[in-house]
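Fold and contact review
Here is what each chain is made of, one letter per residue.
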Amino acid sequence: MPRLPPSLFWRARKQISPFAPLLLPVCRTLDSTANELRWIKQHVNSTKSLVPRRLRIWQACLKRGDRGMPLQYVLGTQPFGPLEILCRPGVLIPRPETESLIYHLHSILPRHSSQPLKILDLCTGTGCIPLLLSSLLPASTKISGVDISPQAISLSRENLTHNITLSHLPASASKSINFTKADIFSPGFVPSLGYKPGELDILVSNPPYISSHGFNTTTERSVRLFEPKLALVPQVTAEQYDCEPEDVFYARLLEIISVLQPKRVLFEVGDLDQAARVAAMVVRGKGALEVYAQAVEIWRDEPGVDSHEEGVTEKMGVDEEAEVEIKGQGNGRGVYFWRRDDQESE
Amino acid sequence: MSAAPWVCRSCVRSLRRIGFAQQFVRRASTDSVKLPPALLERARFLTAEHDQLSAQLATNFDEKIAKRAGEVHRIADAFKKFENAKASLQELEGLLKSDDAEMRELAQDDLAATHDQLAESSRNLSVALTPKHPFADMPCLIEVVPGPGGTEGRFFADTVFKMYQAYCTNKGFRTKVVQYLAADSTGEKGGDGETALQEAVLEVMEEGAYAHFRGEAGMHRVQRVPATEKSGRTHTSAVAVWVLPSFAENATASDGDWDNPESDFYIDPAEVKSEKMRASGAGGQHVNKTESAIRLTHIPTGITVSMQDSRSQHTNRADAWRLLRSRIAQKRREAREEAARALRSSVLSSAQLTRGDKIRTYNYGQDRCTDHRAGLDVHNLPDVLRGGDTLGKVINAVHGWLTEKDIQALLADEEAAAAAANAPPKGRKGK
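Cut-off values and rules
- Residue numbers run consecutively from 1 along every chain, following the written order of its sequence.
- Numbering of ligands from 1 and lettering of chains from A proceed in the order in which they are written.
- Given that this is a predicted model, residues contribute local features only at a pLDDT of at least 70 and side-chain atom pairs are listed and counted only at 80 or more, while totals for whole chains, interfaces and linings are drawn from all residues.
- Just so you know, side-chain values use all the structure's heavy atoms and leave hydrogens and water out.
- UniProt positions are given in the numbering used here, feature names are shortened, and annotations may be inferred rather than shown by experiment.
- Labels follow the DSSP assignment, with helices taken as runs of H or I lasting at least four residues and strands as runs of E lasting at least two, numbered in each case from the N terminus.
- Two residues form a contact once any of their heavy atoms are found within 4.5 Å.
- When two parts are put together, the accessible area they lose, computed with a 1.4 Å probe and summed over both, is reported as buried area.
- A carboxyl oxygen of Asp or Glu within 4 Å of a side-chain nitrogen of Lys or Arg is what we treat as a salt bridge.
- Gly is put with the polar residues, along with every residue not named as nonpolar or charged; the nonpolar set is Ala, Val, Leu, Ile, Met, Phe, Trp, Tyr, Cys and Pro, and the charged set is Asp, Glu, Lys and Arg.
- Buried means the residue's accessible area, taken with a 1.4 Å probe over protein chains only, is under 20% of the maximum for its type, while exposed means over 50%, and partly exposed covers the values in between.
- Pairing between two strands is assigned when DSSP locates at least 2 bridges connecting them.
- As a rule, the C-alpha atoms of each element are fitted with a line to give its axis, helices using only the stretch in contact, and angles between N-to-C directions run from 0 to 180 degrees.

We now examine the UniProt feature "coiled-coil region" (unreviewed entry) in chain B. Here, the residues flagged by UniProt with the feature "coiled-coil region" (unreviewed entry) are residues 75–109 of chain B. Secondary structure within residues 75–109 of chain B divides into 89% helix and 0% strand; the distance between the first and last C-alpha atoms comes to 30 Å.

Opposite the 27 residues of chain B that make contact, chain A presents 49 residues. With both chains or domains summed, chain B and chain A bury close to 2,900 Å², and 41% of this area falls on carbon and sulfur atoms. Three residues, Gln285, His286 and Arg311 of chain B, lead the burial of chain B against chain A; their summed loss comes to 32% of the area buried on that side. At the surface where chain B touches chain A, the tally comes to two salt bridges. Of the charged contacts in the structure, one is a salt bridge between Lys289 of chain B and Glu220 of chain A, with a shortest N-O distance of 3.1 Å. When contributions to the side of chain B that touches chain A are tallied by element, the ones reaching two or more residues are β2 (175–183) and α7 (313–343) of chain B. The residue inventory of the side of chain B that touches chain A, partitioned by class, reads four nonpolar, 16 polar and seven charged.

Let us now look at the pattern of salt bridges. Opposite charge on two side chains permits pairing when their charged atoms draw close. Residue and element names in this part refer to chain A. Tallied over the entire structure, the rule returns 26 salt bridges over all chains. Between Asp301 and Arg333 there is a salt bridge; the shortest N-O distance is 2.8 Å. Taken together, the positions of Asp301 in strand β8 (residues 296–302) and Arg333 in strand β11 (residues 329–338) put the pair 32 residues apart, joining distant regions of the chain. For the pair Asp301 and Arg333, one class covers both residues: buried.

Moving on: the sheet that holds strand β8 (residues 303–307) of chain B. Residue and element names in this part refer to chain B. Strand order in the open sheet formed by three strands is β6-β7-β8, with antiparallel pairing between adjacent strands. If you trace the sheet from one side to the other, it starts and ends with β6 (272–276) and β8, each paired once. For this sheet, the mean inter-axis angle between neighbouring strands, taken without regard to orientation, is 15°. Pairing between strand β7 (residues 294–298) and β8: five bridges, direction antiparallel.

Structure, rendered in structure tokens:
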């Protein structure tokens, strides 16, 4: 990263506030410094404390700027769609890319389904995906979230009640959403879920997907230092799966899918290369996975936005013979596939 | 001898003209029968038309004529009642001057009732006549943008923003700050804790707020010695205020309007380019950015709206769409008014308000606020800036002025239409 000129610090001090130079090293531009400082001030003004206001602003700026703690941990929340998600060190902060993937997933779901949908979110973290889907879909939808971390599960349950008290979610959501702590790699995991094969409508997952090399090179400092590595880099050995170490979760998820046979599946992935690798895994899938092989798409950051002229679809070869459609703009961010037989019957 | 050593001759003359003593005589009829002459003119014209139409209908029935007669019937009715009330008032006033004491007493008794009648009928008449602005019932967005130039304009923009905020609070209007972009610099501070404002949008969520604040749109000029000025010179700077129609938060009736291509608020989503101002890079779990800014560009008109106030992209996008809709609706409306103005006589067009005109001056040195359109001068500037009753007085005066202008425009439109209808087709060919 290029060094910031000292003049920028002076300008931040003069044009924005004496607190601004504290935030400048992490925000890097005057615009985003002004915004973050405003949000910190709003947060401080809206919460009560015996500590003087300016001291609290200064403390928050120090945490954010000097130590580089993510703003979401400093303020304790992150907006996610219409919801407010509580954030705490030890649980991954919801990302806006996940938000747009989920919005797009919602937009392509059939409008009028006779039966309430059943949705499963694996590696749920703060519970942001189940909560957002619940706010978008009819109240009868049954959604489950699973995570290995006890901190994540207790935070996701807190988020559920928090959003109900803020009336972002109806009170009935406390019955239709549940969060359970489980290890998806444990042998008894799939039976413990209690779904019959083919019963599940949607399976969503945003598993850890950063390689240990990527963690050291492309990952931002504040993410490396403050967010849980458990949620970023797979901590499971890939020996029993024939794949890259960072793809091990997807290999396991496909095993689960071959048993549960969900109608639609959406994974979040790290980049286009990883998306291609995961798509190839689906395309080459044997046995129960063959029903998905013909219906795979790669989604970019903004899957709803067309990047090309009408009628032109972007395609990518993922296997010797298979090509997969790529949708949207931005980085490769998701892999979406659905059960072919099911689509034809609809 | 006069106490003042010297009196300006023109002042003396103007005093004589007003009739100094008369200024303090309250005339009972003034506050009730204060219809603009243009309005009365139009009412007379329409009543004549109505009479003519009814005469035509009596002889032979025509659907077109009947429809038109139905349209003007209410106005003609109201005007006749008004005329009757005025006539009886005149009669009573004549009786008051009579020599008979008993007669005078009787007239005195009747006077109050007749005044009430007159007031009511004049109110009815003006309601029947005044053309209603299509956005009049809507809530509004008040946008305050400093004019070009130094920080002084920005400081004053903050004052103007706070003035409207305080005015709404005093009036009991519900408001919401949609956007407030300020650089609260420590090096420079305006007077009264002003901050240098870049842009601010205040939403007034009351129905009918658009009609109330419509007259506030335009350039507001300030003349004062800035807090940052060392040598005490008076500076003049300007602040632009735009008033845009908005939607009630949970309005069910107007929700459908967005999707109606006929509506001013309709925007084809395909014509809008939406950008997230987000740094490029790996994204996803690799980074943890807080930028939530949204920029919308309406490609056919080139109008851009950017929102970055909230941490939530969702909220920013919703606000940006709302502002974009309002701006586009306002622009479409202005374009239509412009087209209508082209039809009118040139006399009127000079009185019309255009975007760049200065409408009001706040002069600190003279403790004065002048509205250039209504021609109103008020003193007690601090009360104006606090959004007190004095500001209400100015706004009401502008309201009266706007109504009169609307009626004149309507008259001119009808004249133009009549002229176009009567003009022989030959004349157009010659062009």
